[in-house]
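What the coordinates show
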Amino acid sequence: MKVLITGAAGFVGSHLVDAYLSDGCDVLGIDNFITGDISNLRDARENPRFAFRELDVTKMDERSLADIAESFGTPDLILHFASPASPIDYAQRPLETMRVNSLGTENCCQAALAWGARLLLASTSECYGDPLVHPQPESYWGNVNPVGPRSCYDESKRYAEAFVTTFTNVHGIDSRIIRIFNTYGPRMRVDDGRVVPNFVGQALRGEPLTVYGGGMQTRSFCYVSDLVDGIRACAASDETRGRIVNLGNPEERTIRQFAEIVCEIAGVPLDVDDATPMPVDDPGRRCPDISRAKALLGWSPKVDIRTGLRATLLDFSARLTVTTP
Ligand SMILES: NC(=O)c1ccc[n+]([C@@H]2O[C@H](COP(=O)([O-])OP(=O)(O)OC[C@H]3O[C@@H](n4cnc5c(N)ncnc54)[C@H](O)[C@@H]3O)[C@@H](O)[C@H]2O)c1
């Protein structure tokens, strides 16, 4: 099978590249490095079944599709993962974020139509906004501020979902949408501003952990290998055609409890700085209802939080050692 992955040099994208290569697929990665890093593809680039193109998905036109078909062959599966994903990243690049989720998604739909390829869109739990329903099932429409500081991401992902759905209705492409809940693991950027890199980096540097707004807000964290297994299962399944599937870990904890576990695994005393208020529109609770993924795919996360955090700490400590003068 030939697989095209957009956002291949990013955190999730690069793990997907490795997984599909180890399944024996030919993989073409596309990335413009806006938030990604070529070093995430270090292993993949050693593999003769991996090809890479530095390309902005919003500029993927008919000519690019012809070039890809000629040099790589016609992809059977497109995984559209390109998009800044951390609040710091999309706050710094709001227009790029809106474009990759609108124009970039349209280009991926056109590619799926032209090649007869299956399409999987990476959407997000941010589509639920600050949810009024708990845990969040796919049927919940969300509670999103359309003009707030996060709307460039939340609303462009909601548009991406609407576009894929409409394009599928009009052209009959074989598509599915996943809504990813907070995922963590090796290769996250140390400075990407999400809670796991923040806490892990601070614990390793011996700094207090920044807990916004007292830390009673809840999150559920999914280890990246569990997410990748869920994505592969969803992409391989005929049952998910035309559907939305939540992927995440339903084990919910407060951010304060999570800070305690990070310090325990890092072997440092709990030291928290909770003077910083909650960012605007940061959700109070977030937890996936994964009944659909369980029923359709037989999928549920397997990696417990301590095991996942140990692997993440090892990866971060190796990178901090290299980058600290
Ligand atoms: N990691 C999570 O917890 C999470 C949660 C929800 C949704 N997601 C979704 O998963 C996807 C990947 O997230 P991530 O955490 O790996 O983020 P990331 O920032 O590490 O990866 C995104 C990648 O997309 C690339 N990219 C961005 N715009 C591009 C463009 N126009 N053309 C080509 N490449 C472009 C970036 O350079 C980067 O390599 C995103 O679509 C994100 O919305 C992730």
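Scroll up for the structure.
Read on for an overview of the structure. (Residues numbered from 1 in each chain as written. Predicted model: local features only at pLDDT ≥ 70, side-chain atom pairs only at ≥ 80, totals over all residues. Heavy atoms only, no water.)

**Considerations on the overall build of the protein chain**
Applied cut-off: Strands here are runs of E lasting at least two residues and helices are runs of H or I lasting at least four, both read from the DSSP assignment and numbered beginning at the N terminus. As a reference, a globule follows 2.2 Å times the number of residues to the power 0.38, and the radius of gyration itself is taken over C-alpha atoms. The rule is simple: take the accessible area with a 1.4 Å probe, protein chains only, and divide by the maximum for that residue type; under 20% is buried, over 50% is exposed, in between is partly exposed. Any two residues whose heavy atoms approach within 4.5 Å are treated as being in contact.
On a plain count of helices and strands, the protein chain comes out with ten helices and 13 strands. Taken over the C-alpha trace, the protein chain has a radius of gyration of 19 Å; the compact-globule value for 325 residues is 20 Å, and the two agree within 12%. Seen through its principal axes, the protein chain has C-alpha atoms that stretch 55 × 45 × 40 Å. Per-residue burial for the protein chain yields a buried fraction of 54% across its 325 residues. Residue pairs at least 24 apart in sequence account for 79% of intrachain contacts in the protein chain once pairs closer than 6 positions are excluded.

**Digging into the environment of I231**
Among the secondary structure elements, I231 is positioned in helix α7 (residues 224-236). Sequence-wise, I231 and R253 are 22 residues apart; in three dimensions their C-alpha atoms are separated by 24 Å. Not counting the four nearest positions on each side in its chain, I231 is found in contact with V12, L16, Y20, F81, L120, I178 and L247.

**Some words on a negative patch on the surface**
Going by this rule: The patches described consist of residues with a relative accessible area above 30% and no salt bridge, like charges being joined within 9 Å and nonpolar side chains (Val, Leu, Ile, Met, Phe, Trp, Tyr) within 5 Å. For accessible areas, the Shrake-Rupley method is used with a probe of radius 1.4 Å. Any residue's cover is judged against the shown protein chains and nothing else. Here a salt bridge means any side-chain nitrogen of Lys or Arg lying within 4 Å of a carboxyl oxygen belonging to Asp or Glu. Positive: Lys, Arg. Negative: Asp, Glu. His and the chain ends are not part of the count. To locate a charge, take atom NZ for lysine, CZ for arginine, CG for aspartate or CD for glutamate.
Taken together, the side chains of D61, E62, D67 and E70 present a region of like negative charge at the surface. Locating D67 in the fold gives a position in helix α2 (residues 62-71). In this structure D67 comes out as partly exposed when scored by relative accessible area, which is 31%.

**Description of the site of the ligand**
Inclusion rule: Note on definitions. A residue lies near a molecule or strand when any single heavy atom of the residue is within 4 Å of it. Two N or O atoms form a polar contact when they lie within 3.5 Å of each other; inside protein one atom must be a possible hydrogen donor and the other a possible acceptor, and for residues adjacent in sequence the pair counts only when both atoms belong to side chains.
The ligand sits among 29 residues. The nearest are D31, T35, D56, Y153 and K157. One nitrogen or oxygen atom from the side chain of D31 is found 2.6 Å from an oxygen atom belonging to the ligand. Here the ligand has 820 Å² of accessible area as a free molecule, and 96% of this is covered by the chains. Elements that contribute at least two residues to the shell around the ligand include exactly α1 (11-22), β5 (118-124) and α5 (151-171).

**So, the sheet that holds strand β4 (residues 77-80)**
Applicable threshold: If DSSP finds at least two bridges between two strands, the strands pair. Structural elements are reduced to axes, namely lines fitted to C-alpha atoms, with helices fitted over the stretch in contact, and the angle between N-to-C directions of any two is expressed from 0 to 180 degrees.
If you trace the seven strands from one edge of the open sheet to the other, you get β3-β2-β1-β4-β5-β6-β11, paired in parallel fashion. With partners counted over all chains shown, the strands left at the sheet margins are β3 (50-54) and β11 (244-247), one partner each. In this sheet, adjacent strand axes meet at a mean angle of 20° when their direction is disregarded. For β4 and β5, the ladder comprises four bridges, and the chain directions are parallel.

Everything listed here is a matter of coordinates, which is why it stays silent on function.
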